[in-house]
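The primary structure of each chain is shown beneath.
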Amino acid sequence: MPVFELILYIMAVVVLSSFLERFIPRVSVPLVQITMGVIASELPFFPNVTLDPELFMIVIVAPLIYFESREINKLALLSSFKYSATLAVGLVLATMVAVAVLLPAIWSFIPIAAAAVLGAALGPTDAVAVSALSHEVSLTDKQFSVLQGESLFNDASGIVGFQFAVLVAASGVFDITPALSSFASKFFGGIAIGVFVGLAANWLFEKIRSLGWETTKTRILMELFLPFLLYMGAEGVGASGMLALVTAGLLARFDRSGVGPNVSRTNIVANSVWSVLSFGLNGAVFVLLGIALPKVVSSSWNDYGVNNLLLVAIIAVTLLAVVGMRFLWMVTMVRIARSSQFQLTGGLKSAVIMTLGGAKGTLTLALMFTLPVKFPLRNELIFISGVVIVVTLLMANFLLPMISPKKNDTELEEVTPIAIEVLRRTVEELTSSITNENRRAVLSVVDSYTERIERLKQNIGHRDSKEYLDLRIETLNWGKDYIKQRLRKLKQTCSLSKQELLEVEACERLLDQIMNSLRHIHTDRQLGTLMWHVRGRLRALQRRIGTVIMRVSNMIRRTAPLL
């Protein structure tokens, strides 16, 4: 029961963070969720329980890895594969070695294997943070595709390295031959299982669709079940479950096969479900970090066996090793690439952008939470990784937009007025061809085009002229006066028929729509006051209550005439 309560509280915090995201758009959601997790952990009713590490890996990490590989742009990934692969494998191993060498040098109490565990966990980058960069930072297509490919592939390599380091730390024995044999079996075994399951899933879904057996519910449930089954099956036979998930996600293409409204509807629903699930699982990880931070900070800071100044120095050295190794790797890669996006004149800036774009996040924290409870220095390692995650997220959130701010989309601004003019001419042409037979259909199309014109104007910040707005207000007022007059006539009748009740309800709804339109126009012109809006809302509420009372009264009169 306490675990269930913890999950409910975590999801409640995630839901609240989705609302706060609208009010603080310049602060990344993970930072908001970490802060809310810290606040939630101090509440007296918040449960103090620990999740099972293996359950955490299966329930949270496995579906997230599959979703990342499912959503990534495959063509862009192929074009930047050699750069992404060097970052995903070479940089992860280099970070692991750097942390494993530097930490024991300044802190002799930590074993090399435990330091390697921390280094392996700090290798992968966060896919959510990388995706968010495209909204706030000006990145070239090459840079963005490299960062996306890196965030996908280094998840698998980081997890394999982490599991290997944990095994060495637990056993205390390192033998190169069995180690390489185990690594090769996990690596190639995971890829082989992923290829088989990915191709089998494609065949199965296409067969079900061709037979007409596919429904929205069965498709989504089968796809949601796939990553859990694949991960547990691969791990059960001694292969890498994460590599199997990445490979299967890259090969799966069942959501792109077939045509028709049912297929499109199913694909839209499936994408929406995965998007919500991904946001919820990522948010749960960051909230858990916020919940765990006060506990691990207090236990590490108040530990008399560890000097506090030494702990700060360890965190600084770890951060320097992670960021410094990434910067050196990026400088080398930029100079080797020699592509149009990475000229030598802008090489240093590109290296800085790519360095700050590698924020740590979900997987790093998830891996640290999977450490056994009795693992040596577990709280200290979680504390160090948590600080590194927060600092790298802060750098990506605040420093990166200063170095490479988002540029305005001038092409969109140039094309939109042309699209508006074409739509206007289309509306004029349709209006001139109205007849008694096609009036209803043509007016429906004209309304949809008019709404599209309004949306395009809002996108480019264009506002209508004062004369046009005055004419709209006058027209809406005419409609409002007519509907009010009709309502007064209807309400003078003591007993309304069913048809008259429906007419009253229709008039009330039309009146609410007209008042909402008037309020929006006054808001755009900045002429409305707060009290005017409040009075309008109260009048709308009064009309709705009156309609409900009238409907109930007439129903009682018809069914119980004695009353």
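Residues numbered from 1 in each chain as written. Predicted model: local features only at pLDDT ≥ 70, side-chain atom pairs only at ≥ 80, totals over all residues. Heavy atoms only, no water.

**Student:** It is not clear to me how the pattern of salt bridges should be interpreted in this structure. Could you clarify?
**Tutor:** Oppositely charged side chains can form a pair if their charged atoms are brought close together. Considering all chains together, one arrives at two salt bridges under this definition. A salt bridge links Arg 326 to Glu 150, with the shortest nitrogen-to-oxygen separation between them at 2.6 Å. Of this pair, Arg 326 sits in helix 13 (residues 308-337) while Glu 150 sits in helix 8 (residues 141-171), and the two are 176 residues apart along the sequence. On the basis of relative accessibility, which here comes to 3%, the residue Arg 326 falls in the buried class. Here Glu 223 ties to Arg 219 by a salt bridge, and the two come within 3.3 Å at their closest N and O atoms. Residue Glu 223 and its partner Arg 219 are located together in helix 10 (residues 216-236), separated by four residues, close to a single helical turn. For Arg 219, a relative accessible area of 1% gives the class buried. (Salt bridge = Lys/Arg side-chain N within 4 Å of Asp/Glu carboxyl O. Helix = DSSP H or I, 4+ residues; strand = E, 2+ residues; numbered from the N terminus. Buried < 20%, exposed > 50% of the residue type's maximum accessible area, 1.4 Å probe, protein only.)

**Student:** Hey, could you run me through the confidence of the model for the protein in this one?
**Tutor:** In low-pLDDT regions, the fine details of the predicted coordinates are not to be read closely. Mean pLDDT over the protein: 76, with 80% of residues reaching 70 or higher. At the level of individual helices and strands, the protein shows its lowest average pLDDT in helix 7 (residues 127-136), which scores 62, and its highest in helix 6 (residues 112-121), which scores 87. Here residues 340-345 is a poorly scored stretch, pLDDT under 50, and it has 10 contacts once near neighbours within four places are set aside; other chains count. Contacts from residues 524-528, a stretch scored under 50 in pLDDT, to residues over four places away or in other chains number eight contacts. (pLDDT = per-residue confidence, 0-100. Contact = heavy atoms within 4.5 Å.)

**Student:** Please explain the packing of helix 5 (residues 81-106) against helix 6 as it appears in this structure.
**Tutor:** Two numbers describe a pair of packed helices, the interaxial angle and the distance between the axes. Between helix 5 and helix 6, the least distance of the axes is 7 Å, while the angle of their chain directions is 140 degrees. As the angle between them shows, helix 5 and helix 6 are arranged oblique. The handedness of the crossing between helix 5 and helix 6 comes out as right-handed. Residues Thr 95, Met 96, Val 99, Ala 100, Leu 103 and Pro 104 of helix 5 pack against Ile 112, Ala 115, Ala 116, Leu 118, Gly 119 and Ala 120 of helix 6. In terms of residue class, the contact of helix 5 with helix 6 is made up of 10 nonpolar, two polar and no charged. (Axes fitted to C-alpha atoms, helices over the stretch in contact; angles between N-to-C directions. Parallel < 35°, antiparallel > 145°, perpendicular 65-115°, else oblique. Left-handed = near helix turned anticlockwise from the far one by under 90°. Nonpolar A, V, L, I, M, F, W, Y, C, P; charged D, E, K, R; others polar.)

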